[in-house]
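# Commentary on secondary and tertiary structure
If you want the building blocks of each chain, they are given just below.
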Amino acid sequence: MSKANLLDRRAVVKTLLADRKDALVVGGLGATTYDLAAAGDHARNFSLWGAMGGAVMIGLGVALAQPKLPVVVITGDGEMLMGMGSLATVGLQKPTNLTIIVLDNECYGETGGQVSHTAAVADLVGVAKSCGIEDSRSLETMGEIEAFGKSLQDISAGPRFANVKIDSADVERVLSNRDGMFIITRFRGALGFAPI
Amino acid sequence: MHARADASSEQGANWPDDIFAILQRFDVRQVPYVPDAGHSQLINRVLASSTMRGIPLTTEEEGVALLAGAWAGGQRGVLLMQSSGVGNCINMLSLTQIFRFPFLTLVTMRGEWGEFNPWQVPMGSSTQGIFELSGVRVLRATHPGEVREVMEAAASQAYNACTATALLLSQRLIGTKVFVK
């Protein structure tokens, strides 16, 4: 069901990454991977088609290995709920170059739109904050999205967490590459690492 | 607090230091872990290291995903856990087949060799089978004197051949946990 006051997921991701520069981006499985593809294929994209609950931890591993580059995790509320403990792990490590963005449509859109916990009780901003990610906020307007997209480049001020309530209406699927060896080899290649 | 039976005074009794030295030589940088008494000496060495980063987890599967990200970003890692944590990793272990990254985990075993706690036995009994079904090669060290050699083999095949590997450190090696005196 489309609601007028909720943001369009494709516009949100496109705006966040409009001036991404050298940023490394991890997309959680499901619709956020399609949003990432719709914003434009990129060698520094790491798109997941499985491993539900692992997006933030993959982002943390990248962020610790590449402390001078901005690392951005974009995932959904269902994926984030499954890996909620990883927010505490990030809160403890405090990687200043890591940003986590949840596109929260309050449902499991890929499986038929069943409601998720964020529709009724789970406040992911509150969870992130209480796990030690002090810069945790909700983004509610495209103006805020645009400003937040620029702030991703500041690798000294993270970790950051942002929750964006988005329209749960289905949008066209834009498929990204799904061959893991292609994705990781290209990603590592963009960072200057040759295959073994 | 639970005391542990003295492991051994035979050759290799300082096997956690042998493991640490090998990890250092393979330039391992990220060391995610869920604590286990059998890993305590190694964890202390990691936390005191200037080149390795010890990363406490809330659940073991986080470590599998972390190591995939570490490799994507150009670093090697190793996951430390006990056998009861292996079940928590199953779905995330698919990453080792999808990305064929250098995955190495060191698993301290429970539920074997004179276990006191029956709750440790089911998972301890299926640890090796779960790894094998998940496409992870399993090596095992049972005696202090063989840890260095087995660890060397595990690290070599994981880091040089990108072959996902689990090294099981047997309960006989780490010593049976003592609950009552």
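Preceding block: the structure.
Residues numbered from 1 in each chain as written. Chains lettered and ligands numbered in written order. Predicted model: local features only at pLDDT ≥ 70, side-chain atom pairs only at ≥ 80, totals over all residues. Heavy atoms only, no water.

### Describing the overall build of chain B
Defined as follows: Counting from the N terminus, the helices are the DSSP runs of H or I reaching at least four residues and the strands are the DSSP runs of E reaching at least two. Computation of the radius of gyration draws on C-alpha atoms, with the globule rule given as 2.2 Å multiplied by the number of residues to the power 0.38. We call a residue buried when its accessible area falls under 20% of the maximum for its residue type, exposed when it is over 50%, and partly exposed in between, using a 1.4 Å probe and counting protein chains only. Here a residue-residue contact requires only that any non-hydrogen atoms of the pair lie within 4.5 Å. All accessible-area figures derive from a Shrake-Rupley calculation using a 1.4 Å probe, and residue coverage is judged against the displayed protein chains alone. Charged residues are defined narrowly, with Lys and Arg counted positive, Asp and Glu counted negative, and His plus the chain ends left uncounted. In this description, the location of a charge corresponds to atom NZ of lysine, CZ of arginine, CG of aspartate or CD of glutamate.
Summing up its helical and strand segments, chain B has 7 helices and 9 strands in all. Taken against the 2.2 N^0.38 rule, which gives 16 Å for 181 residues, the C-alpha radius of gyration of chain B at 15 Å falls within 12% of a compact globule. For chain B, with 181 residues in total, the buried portion stands at 55%. When contacts within chain B are restricted to residue pairs at least 6 apart in sequence, long-range pairs at least 24 apart make up 78% of them. Summing over all exposed atoms, chain B offers an accessible surface of approximately 7,600 Å²; the carbon and sulfur share of this is 51%. Taken as two groups, the 14 positive and 15 negative side-chain charges of chain B have centres that lie 3 Å from each other.

### Quick look at unusual backbone geometry
Following A:G158, the chain continues into A:P159 via a peptide bond in cis, with omega recorded as -5 degrees. Inspection of the secondary structure puts A:P159 in the loop between α7 (142-151) and β8 (160-165). In the Ramachandran plot, A:K21 falls in the positive-phi region, its phi being about 55 degrees despite a non-glycine side chain. As for its placement among the helices and strands, A:K21 is situated in the loop between α1 (9-16) and β1 (24-27). Even without glycine at this site, B:R100 takes up a positive phi of about 40 degrees. Examined against the element boundaries, B:R100 turns out to sit in the loop between α4 (94-99) and β6 (104-108).

### Some details on the sheet that holds strand β3 (residues 71-76) of chain A
Sheet strands line up and pair through hydrogen bonds in the backbone, either parallel or antiparallel. Residues and elements named next belong to chain A. Note the cut-off: Here, any two strands with at least 2 DSSP bridges between them count as paired. What counts as an axis is a line fitted to C-alpha atoms, over the stretch in contact for a helix, and the angles between N-to-C directions run from 0 to 180 degrees.
Pairing in this open sheet of 6 strands is parallel, and the strands run β2-β1-β3-β4-β8-β7 from one edge to the other. The open sheet is flanked by β2 (45-47) and β7 (135-139), the only strands paired with a single partner. The mean angle between the axes of side-by-side strands here comes to 15 degrees, regardless of whether they run parallel or antiparallel. Here β7 runs beside β8; their pairing, made up of 5 bridges, is parallel. Directly across from S138, in β8, lies its bridge partner N163. Relative to β7, α7 is tilted by about 150 degrees, and along the sheet it contacts β4 (98-104), β7 and β8.

### Topic: the pattern of salt bridges
The following threshold applies: Salt bridge criterion: a side-chain nitrogen from Lys or Arg within 4 Å of a carboxyl oxygen from Asp or Glu.
Across all of its chains, the model carries 15 salt bridges over all chains by this definition. Between A:R10 and A:D35 there is a salt bridge, with the nearest N and O atoms lying 2.7 Å from each other. Taken as a pair, A:R10 in helix α1 and A:D35 in helix α2 (residues 31-38) lie far apart in primary sequence, 25 residues in all. On the basis of relative accessible area, A:D35 is assigned to the buried category, the value being 1%. A salt bridge links B:E115 to B:R110; its shortest N-O distance comes to 2.9 Å. The buried category is assigned to B:E115, whose relative accessible area is 18%. Residues joined in a network through salt bridges with shared partners are A:R9, A:R10 and A:D35.

### Some thoughts on the interface of chain A and chain B
Worth spelling out the cut-off: Two parts lose some accessible area (1.4 Å probe) when they are put together, and adding that loss for both gives the buried area. Polar contact criterion, stated in full: a pair of N or O atoms within 3.5 Å, where within protein one must be able to donate a hydrogen and the other to accept it, and residues adjacent in sequence count only if both atoms are side-chain atoms. Any residue that is not Ala, Val, Leu, Ile, Met, Phe, Trp, Tyr, Cys, Pro, Asp, Glu, Lys or Arg is counted as polar, Gly included; the first ten are nonpolar and the last four charged.
In this complex, chain A contributes 29 residues to the contact, which on the side of chain B involves 28 residues. Interface area for chain A against chain B, summed over the two sides, is near 2,300 Å², with a carbon-plus-sulfur share of 67%. Summed over the shared surface of chain A and chain B, the number is 0 salt bridges. Where chain A touches chain B, the interface holds 8 residue pairs in polar contact (both at pLDDT 80 or more). Of all elements in the fold, only α3 (55-65), α5 (85-93) and α8 (180-190) of chain A reach the threshold of two or more residues within the side of chain A that touches chain B. Element by element, the count of residues in the side of chain A that touches chain B is highest for α3(A), at 7 residues. Here the side of chain A that touches chain B is built from residues that sort into 19 nonpolar, 9 polar and 1 charged.

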